[in-house]
Each structure stands twice: as C-alpha cells, then as structure tokens.
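# Tertiary structure, described
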Amino acid sequence: MSDPDLLEPSVDPTKKALGIRRVSARNEASTRTVIMVRDHVVITDEKESNTGPTPLEMTLSSLLGCEGVIINRCAEAMKFEYTAVDLEGDGEVDQRGSRGVQGVRPYFNWVKLHIRVHTSETQERFERLTKNVEYRCPVMNLFKMADVDVEIKWERIAP
C-alpha cells in the first residue's frame, strides 16, 4: 500500500543506483584525527584539546547537513518555494558508555531538532514537505534505526 503524500522517486526505482563513499584518516596517538573527504580536510577532536568538533558533534552536524540536502531535493520535486532553512540540533550522550560502562549506550540517547523553513507556501504543502524529508533523509533514518529518540520541531516562517 502506497502513501499518496510521498513524492514519486527521482530515479528509476527498478535500477540500482549504488554509490561508494570513501574517506581516509590519520590519528597520531591522540584524540585528534585528521580526515580526508575528497578534497576536504576534516578534523575531529575532544573538547579538552579542542582542535575540531568531537566525532559525535560531527554526527549531529551530518544530520543537520543531510536534512538541508533532502529539504532542497524534496522542495525541487514539489516546486516548493523557500528562501532559507535554519537548523539546530541537540543530543544527549551519557559519556559512561564510550568509557566502557556496560549497559550504557555509547551514542545518543535522544536528539532534538528545530527546523525553521522560510516560506510563503501553505501549511498543507509544508506538512507534505516535512513528511517526505523525514522519510528520505538517510542520516535521520540511521539515527532512528539505532533507536535514538528523535524529536523534530518543524516551523514554517512566513516572509
């Protein structure tokens, strides 16, 4: 049974469209890791030495970035007009998990997003956009499949 609110796929659903993502990294016996992503250098570190965001902050950043991409793709498919999106994310982590305490998960317990879309589109079209974004966003779905409690507050900001 299909959902009429979901957009048609933007690719041929009968043909696989597989892609490989490759990154490389070097860690020189510290909390700092220098990562190469295509032509981009990304640095992760811990708060104490503070030469880059923590890996979990990068994970949360990836979620916001992915939401931005998928909002754009869904908006294009819907011919949904907007001028900007403001995204904020918070996530709770019990640090005991990454330090080896059994029974404590080493990743997010919950994540809360606040997404403000600047648009003059109707509430009905806005709700269709949000439903499709949540359905399609790969990083969002990774969080949900990892049993992270994800709460999203969508807000339509009229110009």
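In this report, the structure presented in the accompanying data block is examined.

What counts and how
- Residues numbered from 1 in each chain as written.
- Predicted model: local features only at pLDDT ≥ 70, side-chain atom pairs only at ≥ 80, totals over all residues.
- Heavy atoms only, no water.
- Helix = DSSP H or I, 4+ residues; strand = E, 2+ residues; numbered from the N terminus.
- Expected span 1.5 Å × (residues − 1).
- Contact = heavy atoms within 4.5 Å.
- Buried < 20%, exposed > 50% of the residue type's maximum accessible area, 1.4 Å probe, protein only.
- Phe/Tyr/Trp six-rings, centres within 6.5 Å; stacked < 30°, edge-to-face > 60°.
- Lys NZ or Arg CZ within 6 Å of the ring centre and 35° of its normal.
- Axes fitted to C-alpha atoms, helices over the stretch in contact; angles between N-to-C directions.
- Parallel < 35°, antiparallel > 145°, perpendicular 65-115°, else oblique.
- Nonpolar A, V, L, I, M, F, W, Y, C, P; charged D, E, K, R; others polar.
- Core = buried A, V, L, I, M, F, W, Y, C linked by side-chain atoms within 4.5 Å.
- Salt bridge = Lys/Arg side-chain N within 4 Å of Asp/Glu carboxyl O.

## Some details on helix α2 (residues 123-136)
An ideal rise of 1.5 Å per residue puts 20 Å on 14 residues; α2 measures up with 20 Å between its terminal C-alpha atoms. On the buried face of α2, the contacting elements are α1 (55-78), β5 (110-118) and β6 (149-157).

## Some thoughts on the side chain of Thr54
Note on placement: Thr54 falls in the loop between β3 (40-44) and α1. When sequence neighbours within four positions are dropped, the list of residues in contact with Thr54 reads Asp45, Glu46 and Lys47.

## Some thoughts on α1
Between its first and last C-alpha atoms α1 spans 34 Å; for 24 residues at 1.5 Å apiece the expected length is 34 Å, and the two agree. Residues Leu60, Leu63, Leu64, Cys66, Glu67, Ile70, Ile71, Cys74, Ala75 and Met78 constitute the buried set of α1. Taken together, the buried residues of α1 touch β4 (84-92), β5, α2, α3 (138-145) and β6. Positive phi appears at Lys79, one or two residues downstream of α1, with a value of about 55°.

## Observations concerning the environment of Asp147
Its place among the elements puts Asp147 in the loop between α3 and β6. When the C-alpha atoms of Asp147 and Val93 are compared, they prove to be 13 Å apart, with 54 residues separating the residues in sequence.

## As for the packing of aromatic side chains
Per the counting criterion, the structure on display carries two aromatic pairs. Ring centres 6.3 Å apart and planes at 80° place the aromatic pair Phe126 and Trp154 in the edge-to-face group. Of this pair, Phe126 sits in helix α2 while Trp154 sits in strand β6, and the two are 28 residues apart along the sequence. The pair formed by Phe126 and Trp154 is uniform in burial state, with each residue classed as buried. The ring of Trp110 carries Lys112 above its face, with NZ or CZ at 4.7 Å from the centroid.

## Some thoughts on the packing of α2 against α3
Contact geometry of α2 with α3 gives a least axis separation of 6 Å together with a crossing angle of 65°. By the criterion of interaxial angle, the relationship of α2 to α3 is roughly perpendicular. In this structure, α2 contributes Glu134, Tyr135 and Arg136 to the contact, and α3 contributes Pro138, Met140, Asn141 and Lys144. Taken together, the residues that form the contact of α2 with α3 break down as three nonpolar, one polar and three charged.

## Focus on the nonpolar core
In terms of nonpolar packing, the biggest core is built from 27 residues, with Leu63, Val111, Leu113, Leu129, Phe143 and Trp154 touching the most fellow members. Per-element accounting of this core gives the leading share, nine residues, to α1. Ignoring sequence-local partners within four residues, the contact set of Phe143 consists of Thr59, Leu63, Phe108, Val111, Val148 and Val150.

## Brief notes about the pattern of salt bridges
In the structure shown here, the tally under the stated rule is eight salt bridges. Notably, a salt bridge pairs Arg116 with Glu88, separated by 3.2 Å at the nearest N-O pair. Remark: Glu88 occurs in strand β4 and Arg116 occurs in strand β5; sequence separation between them is 28 residues. Residue classification places Glu88 among the partly exposed positions, given a relative accessible area of 43%. For Glu155, the salt bridge is made with Arg116, and the minimal N-O distance between the two is 3.8 Å. Remark: Arg116 occurs in strand β5 and Glu155 occurs in strand β6; sequence separation between them is 39 residues.

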